[in-house]
Amino acid sequence: MKIAFVGDVHGCVLHALGAAVLLQNRRGIRLDAVIQVGDLGAYPSFERFDESSRRFWRDHPAQGDFLRLLDPSPSFAEGVRLALGQVPSVLFVSGNHEDHDWLASLHDAAAAEVVQVDALGAYRHVACGTVVEVAGQRVAFLGLIEAPGKMDLDESAYARLSAVEPGGVDVLVTHDGPYGMSRDRRGNVQGSAKLTRLIEHLQPSLHISGHYHHPNGPRHYGRTTSYALAQLVQPKNTRWEPEPDNPEQRVTAASIGLLDTETGGFEYIQDEWLAEVKGDALDLAGLLAATR
């Protein structure tokens, strides 16, 4: 079986669906599952955006696609339905840029650990600390980040996963990465020490994360191989790189990974056709029609 993993989406939900369909079609494979590593950009309204999401949205219109997913136009809905006719709905875990209270209310209302967040059924949120069977794999989900003074990993979720016996899960999906995975522009060490301890305890075959917006891996923690994914659609420019870096809003190489559950092999997808998924206002139906 094949599982695709998608890096930080930050609202660009059409780009994620389009990339998944092209991965399946261009590789001649069938995706049995698609999992997103957090920072989907799940907010129920613009007023609920956090400060950084508001700032990036101004110059990055596709980050508003999650809101359009909640109240889709006919053409928007057509593209999503066409994609879901070819690939599974996307499972995602919480990042640090989501409306956590809104997502919790959906779980409370449904009394379920996995809940659909949009009427079209494109995206389903998995509660932190949950283990779900996905394509024959026992997949554990742990969102949020360890950032002292700002945010921490969910304590009860962390405790639940820490109580799982070593080898009890096959894949661990987190938003944050393990401590020491890389350094930021100032030379500060990135990653979560708590997450490192959890990986070393659980010893899944594979660990996948996001958050830092660049690929990193493979790294090894005992029997676990760990990878971090790039951001799905890099911004046109940032405060550190004011010149446009991604003016056409193309999907980024290594923002998607592919697991073959039979062989255990994992690869970053860096194929040139990824760049075909692009635009501030992606015509998903048109893209899918052109790639059949």
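All chains use their own residue numbering, which begins from 1 and follows the written sequence. Only residues with pLDDT of at least 70 get local features here, since the model is predicted, and only at 80 or more are side-chain atom pairs given and counted; chain-wide, interface and lining totals rely on the full set of residues. Values shown for side chains rest on all heavy atoms present in the structure; no hydrogens or waters enter the calculation.

Caption draft 1: Region of the structure containing the overall build of the chain. A run of H or I in DSSP counts as a helix once it spans at least four residues, and a run of E counts as a strand once it spans at least two, with each numbered from the N terminus. Looking only at helices and strands, one finds eight helices and 15 strands in the chain. The reference for a compact globule is 2.2 Å times residues^0.38; the radius of gyration itself is calculated from the C-alpha atoms. Scaling as 2.2 N^0.38, a compact globule of 292 residues should have a C-alpha radius of gyration of about 19 Å, and the chain matches this with 18 Å. All accessibility values rest on the Shrake-Rupley procedure with a 1.4 Å probe; residue burial counts only the protein chains present in the view. When the accessible surface of the chain is summed, it comes to about 12,400 Å², and 48% of that surface belongs to carbon and sulfur atoms. On the chain, the mean spot of the 26 positive side-chain charges and the mean spot of the 38 negative ones are 2 Å from each other. Within this scheme the basic residues Lys and Arg register as positive and the acidic residues Asp and Glu register as negative, but His and the chain ends are omitted. By convention, charge coordinates are those of NZ in Lys, CZ in Arg, CG in Asp, or CD in Glu.

Caption draft 2: View of helix 5 (residues 100-110). For every residue, the accessible area obtained with a 1.4 Å probe (protein chains only) is divided by the maximum for its type, and the residue is called buried under 20%, exposed over 50%, and partly exposed between those limits. The set of residues buried in helix 5 consists of W102, L103 and H107. The arc enclosing the buried residues of helix 5, seen along the axis, measures out at 140°, which places them on a common side. More than 90 degrees from the buried face of helix 5, the exposed residues found are D101, D108 and A109. Any two residues having at least one pair of non-hydrogen atoms within 4.5 Å are treated as being in contact. Those residues of helix 5 hidden inside the fold are in contact with helix 3 (65-70), strand 3 (90-92), strand 4 (114-116) and strand 5 (123-126). We define a polar contact as two N or O atoms separated by no more than 3.5 Å, with the added condition that, inside protein, one atom must be a possible hydrogen donor and the other a possible acceptor, whereas residues neighbouring each other in sequence contribute only through side-chain atom pairs. Measuring from the backbone nitrogen of D101 back to the side-chain oxygen at the start of helix 5 gives 3.3 Å, which picks out D99 as the cap. The arc in question is traced by the directions running from the helix axis to the C-beta atoms.

Caption draft 3: Region of interest: the environment of A19. Mapping A19 onto the fold places it in helix 1 (residues 13-27). Look at A19 and you get buried, because its relative accessible area is 0%. Residues A19 and F76, spaced 57 residues apart in sequence, show a C-alpha to C-alpha distance of 16 Å. Look past the residues within four positions of A19 in its chain and what remains in contact with it is V251, I256, W273, L274 and V277.

Caption draft 4: Summary view of the pairing of strand 2 (residues 33-36). Side chains A33 and I35 project from strand 2 onto one buried face, and the interleaved V34 and Q36 project onto a second face that is buried too. The criterion for strand pairing is that DSSP finds at least two bridges linking the strands in question. Bridging between strand 1 (residues 2-6) and strand 2 involves four bridges; their strand directions are parallel. By the bridge assignment, A4 is partnered in strand 2 with V34. With helix 1 bridging strand 1 and the parallel strand 2, this β-α-β connection has right-handed handedness. Of the pairings in the sheet, the one linking strand 2 to strand 3 comprises three bridges and is parallel in character. Along strand 3, the bridge assignment pairs I35 with L91. Handedness of a crossover: with both strands directed away from the viewer, a clockwise path from the first strand across the helix to the second marks it as right-handed.

Caption draft 5: Local environment of the environment of Q203. Mapping Q203 onto the fold places it in the loop between helix 7 (193-202) and strand 11 (206-209). For the pair Q203 and W102, spaced 101 residues apart in sequence, the C-alpha to C-alpha distance is 32 Å. Once you skip the residues sitting within four places of it in the chain, Q203 turns out to touch G167, Y221, G222, R223 and T224. Separated by 2.9 Å, the side chain of Q203 and the backbone oxygen of Y221 make a polar contact.

Caption draft 6: Examining helix 7 more closely. When we look at burial in helix 7, the residues that qualify are L195, T196, L198, I199 and L202. Angular distribution of buried residues about the axis of helix 7 spans 165°; they occupy a single face of the element. The backbone nitrogen of K194 lies 3.3 Å from a side-chain oxygen of the residue at the head of helix 7, namely S192.

Caption draft 7: Inspection of the packing of aromatic side chains at higher detail. Side-chain rings of Phe, Tyr and Trp (the six-membered ring for Trp) are treated as a pair once their centres are within 6.5 Å; stacked means planes under 30 degrees apart, edge-to-face means over 60, and tilted covers the remaining angles. Within this structure, the stated rule accounts for eight aromatic pairs. Each ring, one from Y43 and one from F49, has its centre 5.1 Å from the other, and the planes form 55°; the classification is tilted. For the pair Y43 and F49, one class covers both residues: buried. Consider the rings of Y227 and Y268, whose centres lie 5.6 Å apart with planes at 85°: the pair is edge-to-face.

Caption draft 8: Spatial organisation of the sheet that holds strand 6 (residues 130-134). Taken in spatial order, the six strands make up an open sheet running 6-7-8-11-13-12, and their pairing is mixed. Each edge of the sheet is formed by a strand with only one pairing partner; in this case those strands are strand 6 and strand 12 (216-221). Averaged over neighbouring strand pairs, the angle between their axes works out to 20° when direction is ignored. Sheet topology places strand 11 next to strand 13 (residues 224-228); four bridges connect them, and they run parallel. Residue pairing across strands places I208 opposite Y227, the latter belonging to strand 13. A fitted line through C-alpha atoms serves as each axis, taken over the contacting stretch for helices, and the angle formed by two N-to-C directions is quoted from 0 to 180°.

Caption draft 9: Spatial organisation of the sheet that holds strand 4. With respect to topology, seven strands assemble into an open sheet ordered 4-5-3-2-1-14-15, the strand pairing being mixed. Across the chains shown, the open sheet's two edge strands, defined by having one partner strand only, are strand 4 and strand 15 (265-268). Direction aside, neighbouring strands of the sheet carry axes that sit 25° apart on average. Where helix 5 meets the sheet, its contacts fall on strand 3, strand 4 and strand 5, and the angle it forms with strand 4 comes to roughly 105°.

Caption draft 10: Inspection of empty space enclosed by the protein at higher detail. In this analysis, the protein atoms alone were mapped onto a 1 Å grid. Cavities are point sets where a 1.4 Å probe fits without being able to get out; pockets are open sets with protein on both sides within 12 Å along at least five of seven lines; lining residues have an atom within 4 Å of a point. Grid points are joined across faces, edges and corners, and a volume is the space filled by probe spheres set on the points. For the structure on display, the rule yields one cavity of 30 Å³ or more. Looking at the largest cavity, the residues that line it are H10, G41, Y43, F49, S53, W57, Q63 and H97.

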